[in-house]
Amino acid sequence: MRLFLPLLIGLLVGALLYFTKGWWGFFIIFPWIGACIALGLFIAAQKPKAKRDQGRRIAILAIAPIFLIFLGIYQRENLQLEQTVFYLAAGAFSRVLIHYTVAKVLGPLIWGRGFCGWACWTAAILEWLPIQENRPIPKNHARFRWLFLLASLLIPLLFIWSGYDYRQAQIYESGGKFDQLVWFAVGNGFYYITAIILAFRFGKKRAFCKIACPVSLIMKIPAQYARIRIRPSGISCIGCGQCSRNCPMDVDVMAAIRSGKPLQSAECILCGACRHICPVGAIQ
Ligand code: SF4
Ligand code: SF4
Ligand code: SF4
């Protein structure tokens, strides 16, 4: 049943949005995401502990085309933060805002940063980079995310102030479809190039998430109240430190498990790496 839960949630959300907003695409996007996560959980369950992460990496890769090809190229809808600012400025409650509401604002109240661990189209590529290390990122580098957030907010606002007719960029206006594609290509291209450079420079696949991603700062707010969390299983921790060393987000997992309480960090992306690596099964 646990394996099918993501698919069930995807079907319910897709149906709810389809019947309230009237667009058939919702009934493809959300069930697809749910099915990919269910597939990832199924693959993980078949693997030995050391290889269970493959299930999640396959799921995140399988989800990416729904955002990049179906929504980005076919529907010409850019889901990036910059486009969200345009839509908010236009007062249009569009698919971009639905994505933000479900995946990045309300969803994290339940599954924290699970979107980052299982569905982000930027991370989908990063997860498969040939980088074996997982070097910790210096703590003070996290503040650069604020600069990227500022840039993501200011760039569209500067375009608006300089007279760019952002309403033309809306997907529902036929003249705006090309604008969407340009913002999509340039924005995602910049994110991918920056993310790959940072990953190799810092010896960490998720360096972009720790240093640059502006969206992470938004998600961290609701994720503090997440219902689903990494927590101690009740089996005693032997203090080997492998969970903390292997965490892609540099969370001090060992300290949380040893305290006997659920992990509070809003950096956790629910990837499950700590659980898979724990030699005694102290993490659930
Ligand atoms: S932090 Fe940003 S780039 Fe990283 S997984 Fe989350 S949304 Fe994607
Ligand atoms: S704490 Fe565990 S589940 Fe969370 S990001 Fe780190 S390794 Fe992944
Ligand atoms: S991997 Fe398991 S045993 Fe080792 S420090 Fe982490 S919780 Fe404790």
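Residues numbered from 1 in each chain as written. Chains lettered and ligands numbered in written order. Predicted model: local features only at pLDDT ≥ 70, side-chain atom pairs only at ≥ 80, totals over all residues.

1. So, the overall build of the protein
Within the protein, the regular secondary structure consists of 15 helices and zero strands. Relative to the compact-globule value of 19 Å for 284 residues, the protein shows a C-alpha radius of gyration of 19 Å, a close match. If you line up the protein on its principal axes, its C-alpha atoms span 60 × 40 × 35 Å. Residue burial in the protein is summarised as follows: out of 284 residues, 42% are buried. A fraction of 69% describes how many contacts in the protein between residues 6 or more apart in sequence connect residues 24 or more apart. (Helix = DSSP H or I, 4+ residues; strand = E, 2+ residues; numbered from the N terminus. Rg over C-alpha atoms; globule rule 2.2 N^0.38 Å. Buried ≥ 20, exposed ≤ 12 C-beta atoms within 10 Å, placed from the backbone. Contact = placed C-beta atoms within 7 Å.)

2. What about the nonpolar core?
One finds F208, C243, V253 and C274 to be the most contacted residues of the largest nonpolar core, which totals 71 residues. Ranked by the residues each element gives to this core, the list is headed by helix α2 (residues 26-46), at nine residues. The contact partners of C274, leaving out residues within four places of it in the chain, are I230, C243, N246, C247, V253 and I283. (Core = buried A, V, L, I, M, F, W, Y, C linked by C-beta atoms within 7 Å.)

3. Section: the site of ligand 1
Within the structure, ligand 1 sits among C116, C120, T122, A123, F208, C209, C213, V215 and S216. Residue classes in the shell around ligand 1 are distributed as seven nonpolar, two polar and no charged. (Near = placed C-beta within 6 Å. Nonpolar A, V, L, I, M, F, W, Y, C, P; charged D, E, K, R; others polar.)

4. Brief notes about the domain arrangement of the protein
Domain annotation for the protein reports domain 1 (1-76), domain 2 (82-114 + 126-227) and domain 3 (229-284). Taking the mean C-alpha position of each, domain 1 and domain 3 sit 26 Å from one another. Opposite the four residues of domain 1 that make contact, domain 3 presents four residues. When the residues that make up the side of domain 1 that touches domain 3 are grouped by side-chain class, the tally is no nonpolar, no polar and four charged. (Domains from an automatic or database assignment.)

5. Considering unusual backbone geometry
Despite not being glycine, D250 has its phi angle at roughly 55°, a positive value. Mapped onto the elements of the fold, D250 is located in the loop between α13 (242-246) and α14 (253-259). On the neighbour-count criterion, D250 (21 C-beta atoms within 10 Å) is buried.

6. Focus on the environment of R143
In this structure, R143 sits in the loop between α8 (121-126) and α9 (144-161). On the neighbour-count criterion, R143 (9 C-beta atoms within 10 Å) is exposed. Along the chain, R143 and I211 lie 68 residues apart, while their C-alpha atoms are 7.2 Å from each other.

7. Considering the confidence of the model for the protein
Note that predicted coordinates carrying low pLDDT should not be read in detail. Of all residues in the protein, 94% have pLDDT values of 70 or greater, and the mean over the chain is 91. Per-element confidence in the protein is highest for helix α11 (residues 207-211), whose mean pLDDT is 97, and lowest for helix α4 (residues 81-90), whose mean pLDDT is 83. (pLDDT = per-residue confidence, 0-100.)

8. Section: helix α1 (residues 5-21)
Here α1 contains 17 residues, and its C-alpha end-to-end distance of 24 Å stays within 8% of the 24 Å for a straight helix at 1.5 Å per residue. Listed as buried for α1 are P6, L7, G10, V13 and G14. Viewed end-on, α1 has its buried residues packed into an arc of 130°, placing them on one side of the element. Looking at α1, the residues exposed on the side facing more than 90 degrees away from the buried face are L16, F19 and T20. (Expected span 1.5 Å × (residues − 1). Arc of directions from axis to C-beta.)

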